[in-house]
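# Structure at a glance
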There are 4 protein chains.
Amino acid sequence: MSEGARTWLILDGFIPEESSGPQESHEAICVLNTSEEEARLSISFYFEERGPIKGVEVVIPPERTLHLRTDQLEGAEIPRGVPYAMRVGSSIPVVVQHSRMDTTQPALSLMTAMAYPVTL
Amino acid sequence: MSEGARTWLILDGFIPEESSGPQESHEAICVLNTSEEEARLSISFYFEERGPIKGVEVVIPPERTLHLRTDQLEGAEIPRGVPYAMRVGSSIPVVVQHSRMDTTQPALSLMTAMAYPVTL
Amino acid sequence: MSEGARTWLILDGFIPEESSGPQESHEAICVLNTSEEEARLSISFYFEERGPIKGVEVVIPPERTLHLRTDQLEGAEIPRGVPYAMRVGSSIPVVVQHSRMDTTQPALSLMTAMAYPVTL
Amino acid sequence: MSEGARTWLILDGFIPEESSGPQESHEAICVLNTSEEEARLSISFYFEERGPIKGVEVVIPPERTLHLRTDQLEGAEIPRGVPYAMRVGSSIPVVVQHSRMDTTQPALSLMTAMAYPVTL
């Protein structure tokens, strides 16, 4: 049983430049792999003023979730304060959600949306 | 008339460790059963560093909603401060939404997303 | 051209009891009718501990949007501080989103989700 | 490869009249064009008490994202403090998300939802 889709798109990426209090402003991609196989992800990052960064790779073990911070990636540095978007490809169907914590001002704010599944 | 899907996935689960003010940081699964039969749910919880907890059971009467707090489950204790994901199975089609209230800092923050329906 | 679906479900309804500052805690159903006909809506409200309120009627003129506050309905009074869900039926396809403003604490918080379209 | 849909609907548009602190209350439409062609968008704005504004045009280059503020459009002025909705048409499939930052009160709040794809 492998549930979801192999391609997901996330549009409103933005890591705030500033933080206040103990928690840092950040974004996360939340992925769930309900299958008994590992899921090998390949993530691309799109920008407004430059070409994409492609091929950031991440593995999700069987029956595990992963909350991946986009400011702590291995193999790519996403600049803060700049709009970006993401395309998440996976070797098997998974499901993807995207969330932001903004601590620019002293009271944190959260937002979240399920990513958009591309069904080819 | 039974509306929705029998399987729903929720990705960005996280119950904050801290709370301030009169309201406690928490998450809820909101379910609607518009049919004239009861819906028997079976919920699984997935984590990053351990295997899943499966088979937490909940019943929704006909033509009722249920807002189920994930820190007040019978039969499972979800740790605070740890990323988790959920898979909600139902005996008949229902619809599922997931929300978080974060009161870590003195002004609360809310986020919500419709869960992802799996159509097998 | 009539876009969307004829039936929409909203799960996480909750009108906070308290408000602070100039803005009142409230929820709204946001509807868009892109067609050249009027859309006649019939809204039902579901609860945890009692049966549903059915048949609250609202009209959306052609090529108009409506942001309907659920604490200012004609023909139904939704209690504050109680979880509820909604089923929005329409004479022609429309699209429905649901949002909450919570001003319980001195800094307001917002959350929103597109409703779930039932495709019979 | 052109991913998404050619028509998207956004319901809960509202640009708050007031702002506090360094960040202005605003909304943005976030679009991703993963294809190797440019996407030509045509955006319509719907209101409660007047007819729509149609035909605001925007171009997204190949493999780029765009975060378009609705208070900084060329060719249309969306009033603050008034509910509105949007219909985004595109020459090729794209994906669209909508977000609001509300800084009416001293702590900002965010909300976001994927737009609704119309599949004709």
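Structure report, in brief. (Residues numbered from 1 in each chain as written. Chains lettered and ligands numbered in written order. Predicted model: local features only at pLDDT ≥ 70, side-chain atom pairs only at ≥ 80, totals over all residues. Heavy atoms only, no water.)

## Remarks on empty space enclosed by the protein
- Tallied over the full model, the rule gives two cavities of 30 Å³ or more.
- Reported here for the largest cavity is a volume of approximately 40 Å³.
- Those elements that provide at least two residues to the lining of the largest cavity are strand E7 (109-114) of chain A, strand E7 (109-114) of chain B, strand E7 (109-114) of chain C together with strand E7 (109-114) of chain D.
- Partitioning the lining of the largest cavity into residue classes produces eight nonpolar, four polar and no charged.
- For the second largest cavity, the calculated volume is near 40 Å³. (1 Å grid on protein atoms, 1.4 Å probe; cavity = no way out; pocket = protein on both sides within 12 Å on 5 of 7 lines; lining within 4 Å. Points joined across faces, edges and corners; volume = space filled by probe spheres on them. Helix = DSSP H or I, 4+ residues; strand = E, 2+ residues; numbered from the N terminus. Nonpolar A, V, L, I, M, F, W, Y, C, P; charged D, E, K, R; others polar.)

## Structural notes on the interface of chain B and chain A
- Each side of the interface is counted separately: chain B has 33 residues, and chain A has 31 residues.
- Of the roughly 2,500 Å² buried at the junction of chain B and chain A (both faces included), carbon and sulfur atoms supply 61%.
- Its largest share of buried area at the contact with chain A, chain B owes to Leu11, Gln105 and Tyr116 of chain B, together 27% of the area lost on that side.
- Across the chain B-chain A interface, the total number found is two salt bridges.
- Between Arg87 of chain B and Glu3 of chain A there is a salt bridge, and its shortest N-O distance comes to 2.5 Å.
- Inspection of the chain B/chain A interface yields 11 residue pairs in polar contact (both at pLDDT 80 or more).
- Going through the elements one at a time, strand E1 (5-13), strand E3 (39-47), strand E6 (84-102) and E7 of chain B are the ones with two or more residues in the side of chain B that touches chain A.
- Classifying every residue of the side of chain B that touches chain A gives 18 nonpolar, seven polar and eight charged. (Contact = heavy atoms within 4.5 Å. Buried area = accessible area lost by both parts, 1.4 Å probe. Salt bridge = Lys/Arg side-chain N within 4 Å of Asp/Glu carboxyl O. Polar contact = N/O pair within 3.5 Å; in protein donor to acceptor, adjacent residues only side chain to side chain.)

## A closer look at the interface of chain A and chain D
- Between chain A and chain D, the contact holds 33 residues from the first and 31 residues from the second.
- Here chain A and chain D share an interface that buries about 2,500 Å² over both sides, 61% of which is from carbon and sulfur atoms.
- Our enumeration of links across chain A and chain D arrives at two salt bridges.
- Residue Lys54 of chain A is joined to Glu63 of chain D by a salt bridge in which the shortest nitrogen-to-oxygen separation is 2.7 Å.
- There are 12 residue pairs in polar contact (both at pLDDT 80 or more) connecting chain A and chain D.
- Put simply, the parts of the chain that give the side of chain A that touches chain D at least two residues each are strand E1 (5-13), strand E3 (39-47), strand E6 (84-102), E7 and strand E8 (116-118) of chain A.
- Here the residues of the side of chain A that touches chain D sort into 18 nonpolar, seven polar and eight charged.

## Describing the relation of the copies chain B and chain A
- When chain B is brought onto chain A, the operation consists of a screw motion whose angular component is 90 degrees and whose axial shift is 0.0 Å, with 0.0 Å RMSD remaining. What the superposition gives is, in effect, a four-fold axis relating one chain to the other.
- A different interface surface on each copy is seen, since only 18% of the contact residues of chain B are contact residues in chain A too. (Least-squares fit on C-alpha atoms with pLDDT ≥ 70 in both.)

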